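The primary structure of each chain is shown beneath.
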Amino acid sequence: MVGRHKISIWFIIGSLLLIYGVIIFSSNLYEWFFPSQTRTIVLGELHFGVWWGALLIIIGLIYFIVFRPWKKSVA
Amino acid sequence: MPGNFHTHLVLLFASSSSIMSLGWVDSLLIIIYFLSVLGIGYYLLRFTKTGDDFFMAGREMTAWIAGLSFVAANLGSLELMGWAASAYQYGILATHWYWIGAIPAMLFLGIVMMPFYYICKTHSVPGYLKLRYGEGASQLSAVSFGFMTVFMSGINMYSMAIVMKVVLGWDINFSIWVSSLTVMVYVVLGGLLSAIFNEVLQFMLIWLGALIVPIVGMIETGGWSGMVARIHQNFPAGDYTHLWSTMGSFQDNPMGIHWTGIVFGLGMIISFAYWTTDFLVVQRVLSARDLRSAKLAPIIGAGFKMFVPLIVILPGLLGLAVLPGLVGENEAKLIPGAHSYNEVLPLMLARYAGPGLLGLGVTALIAGFMSGMAGNVSAFATVWTYDIYKPIHLKLAKSEGTDAHYVKIGRWCTVIGVFVSIGTAYLVQQFASIMDYVQALFSFFIAPLFGTVILGMLWKRATKAAGFWGLFAGIGSSIAMWAWVKLDHSALKYIALSPYAKDMAENMYRGLWSWMICVIVTVVVSYMTKPKPESELVGLVRGCTEIPSEGDIPFYKRPIVWATVIFIVFVALNIIFW
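Bear in mind that the values here come from a model prediction, so they are computed numbers and not experimental data. (Residues numbered from 1 in each chain as written. Chains lettered and ligands numbered in written order. Predicted model: local features only at pLDDT ≥ 70, side-chain atom pairs only at ≥ 80, totals over all residues. Heavy atoms only, no water.)

**So, helix 24 (residues 559–576) of chain B**
Residue and element names in this part refer to chain B.
- The end-to-end C-alpha separation of helix 24 is 26 Å, in line with the 26 Å expected for 18 residues at 1.5 Å each.
- For helix 24, the full list of buried residues reads Pro 559, Ala 563, Ile 566, Phe 570, Leu 573 and Asn 574. Here the buried residues of helix 24 occupy an arc of 95° about the axis, which is enough to place them on one side. Across from the buried face of helix 24, at angles greater than 90 degrees, the exposed residues are Ile 568, Ile 575 and Ile 576.
- If you follow the buried residues of helix 24, they end up packed against helix 6 (103–119) and helix 14 (291–305). (Helix = DSSP H or I, 4+ residues; strand = E, 2+ residues; numbered from the N terminus. Expected span 1.5 Å × (residues − 1). Buried < 20%, exposed > 50% of the residue type's maximum accessible area, 1.4 Å probe, protein only. Arc of directions from axis to C-beta. Contact = heavy atoms within 4.5 Å.)

See below:
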């Protein structure tokens, strides 16, 4: 939804998910290679955080690109 | 829909210790979230100039935005935690509140009621009552809604602060002030527009934060059949995975409820009352940009609502499979180190979520709380400004105020609403029993209001006096039935049809009876009084209103098609989990 607003809410959501995805992906990737052993989680060997972070990056990127405010509109 | 679990959470958590601690990555995600919602409010300030912008989001929301906001305003964090706990306690029966207790009503709102709400261009549900019945019914509804909304908001705020204290060790004052002032700032800046934009953002975060538990939980238990097998192994005496087969008798299921209570009380009255007349949710749909979007919004909302059990009920069931030792709140207080089933959602989150994911899950809880609170204060500001302040101003000043004047009042109402909520939160901290009374008070108004609104929309003969007296009788009888059971518990067998009925069953039947009393009184008084001429009912009542055609659009864009699809899926899900 853009309406009168130059920035679509979907673009804001995409940006936030992208930032979240990068943070979660990178911190879990670091944890994978340099485990801190601070807290044990069930099924930690799946490294779910890495895959979830990647998923957030993909969803965020899609929204970010499709709803970018500087996209040329078709007349 | 509010429930008594708020009280249980508060009482339990008052004696518990912290469940999880956040790392710097988790904290960073939460800080970014707060900055984002404030940034959205600041950005939207420039687009919030008129009353329509502030109170109705400019009436330009797409069906998707209005639909997601419609569901998000109801998806509070206590709703998430409370129903996950109920799923641990009662099993899959808790799903009734998401399926039969929501879907038919949401579809009915979209297909049958929305055209009248939308065509008459009302600002609120009390506003519709004013157009249909005049001042009496409208004022009764507006004043009760206004007060109950901010009180409920305060109760939710306090309950949330207690949860944050136990789950994360956060100070209660910090949680109350930071979260509520953030909501206040973004709603004051951008009004309903800001509330709706943030609710859509919060909706996405709630799903992405909460989905972690069911996905990893299903992997751990080996899918649905593996989970059911583990539950049967852990609790061989109980049936936690069937929706309807145990509802033939009050004693056969842990909820102590009969199928008639669920179908007629919850499915036909309580859910229709909440989803079609509670202005907190209806306001989101009124912001739609055209009639087709307004009809589609609740249908889209119903589609998402149908799958909310994935992030609420399934974690509770998974808890039964992998955390069988959770106990009731009284036992948890007595046994050192024991946890109550009220903590099942944060416990499951702590079980599966690593760095960052924990922060995302906690952000989902905070987002849930803030979306619920923003819904409360924005609805409060609209009803207070348009339905209470405006008529008084008109009488005293003998003239209409300017649009800018009402926007200013709306902003002040938002501030006042938030501070009254904060005050209620501290009052509840001192006197916990207030919580039960306010929740009961809220339930008194919902069912009769549905009787008044639905008769007004569908029956031309309903008169002005009947609208007021029907609503008044419904509310009065609901209070009388509640007081009767409070004073003499044996009255339960009359009100809820069984001495074994639990609180939830009593609420269902009380709603059903108060709705029937409202309808009967409205019909009787209508036949005793003079109806409005049909010319005054145009745009308000079925039979006097021509519903605009949806035009020449493909079948897959028609609301009725999607409502049918969702209803078929709803029936199929009930059969699958019978």
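**Observations regarding the pattern of salt bridges**
All names here are of chain B.
- Here the structure, examined in full by the defined rule, presents six salt bridges over all chains.
- For Lys 130, the salt bridge identified is with Glu 135, shortest N-O distance 3.6 Å.
- Its relative accessible area of 35% is what places Glu 135 among the partly exposed residues.
- Residues Arg 351 and Glu 220 are paired through a salt bridge, measuring 2.6 Å at the closest nitrogen-oxygen approach. Residue Arg 351 is located in helix 17 (residues 344–352), and its partner Glu 220 is located in helix 10 (residues 212–221); the two are separated by 131 residues in the primary sequence. (Salt bridge = Lys/Arg side-chain N within 4 Å of Asp/Glu carboxyl O.)

**A few points about the environment of Trp 83 of chain B**
Residues and elements named next belong to chain B.
- Within the secondary structure layout, Trp 83 lies in helix 5 (residues 77–90).
- Looking at Trp 83, the relative accessible area reads 5%, which means it is buried.
- Sequence separation between Trp 83 and Met 373 is 290 residues, and the spatial gap between their C-alpha atoms is 18 Å.

**Comments concerning the interface of chain B and chain A**
- The interface of chain B with chain A comprises 41 residues on the first partner and 29 residues on the second.
- Between chain B and chain A the total buried area reaches about 3200 Å² when both faces are included, carbon and sulfur atoms providing 79% of it.
- At the boundary of chain B and chain A, one finds zero salt bridges.
- In this structure, the connection of chain B to chain A is made through six residue pairs in polar contact (both at pLDDT 80 or more).
- Counting only elements with at least two residues in the side of chain B that touches chain A, the list comes to helix 2 (24–44), helix 4 (63–72), helix 9 (172–210), helix 10, helix 17 and helix 18 (357–397) of chain B.
- No other element matches helix 2 of chain B, which puts nine residues into the side of chain B that touches chain A.
- Of the residues contributing to the side of chain B that touches chain A, the split by class is 32 nonpolar, five polar and four charged. (Buried area = accessible area lost by both parts, 1.4 Å probe. Polar contact = N/O pair within 3.5 Å; in protein donor to acceptor, adjacent residues only side chain to side chain. Nonpolar A, V, L, I, M, F, W, Y, C, P; charged D, E, K, R; others polar.)

**Some words on the packing of aromatic side chains**
Residues and elements named next belong to chain B.
- Applying the stated criterion across every chain, the model contains 48 aromatic pairs over all chains.
- Seen in terms of ring centroids, Phe 235 and Tyr 240 are 5.6 Å apart; in terms of plane orientation they differ by 55°. Their pairing is tilted. Each of the two residues, Phe 235 as well as Tyr 240, counts as buried.
- Ring centres 5.5 Å apart and planes at 45° place the aromatic pair Phe 567 and Phe 570 in the tilted group. Here the residue Phe 567 and the residue Phe 570 both occupy positions in helix 24, the gap between them amounting to three residues, near one helical turn.
- Residue classification places Phe 567 among the partly exposed positions, given a relative accessible area of 39%.
- For Phe 570, a relative accessible area of 7% puts it in the buried group.
- Sitting over the ring of Tyr 133, Arg 132 keeps its end group 5.1 Å from the ring centre. (Phe/Tyr/Trp six-rings, centres within 6.5 Å; stacked < 30°, edge-to-face > 60°. Lys NZ or Arg CZ within 6 Å of the ring centre and 35° of its normal.)

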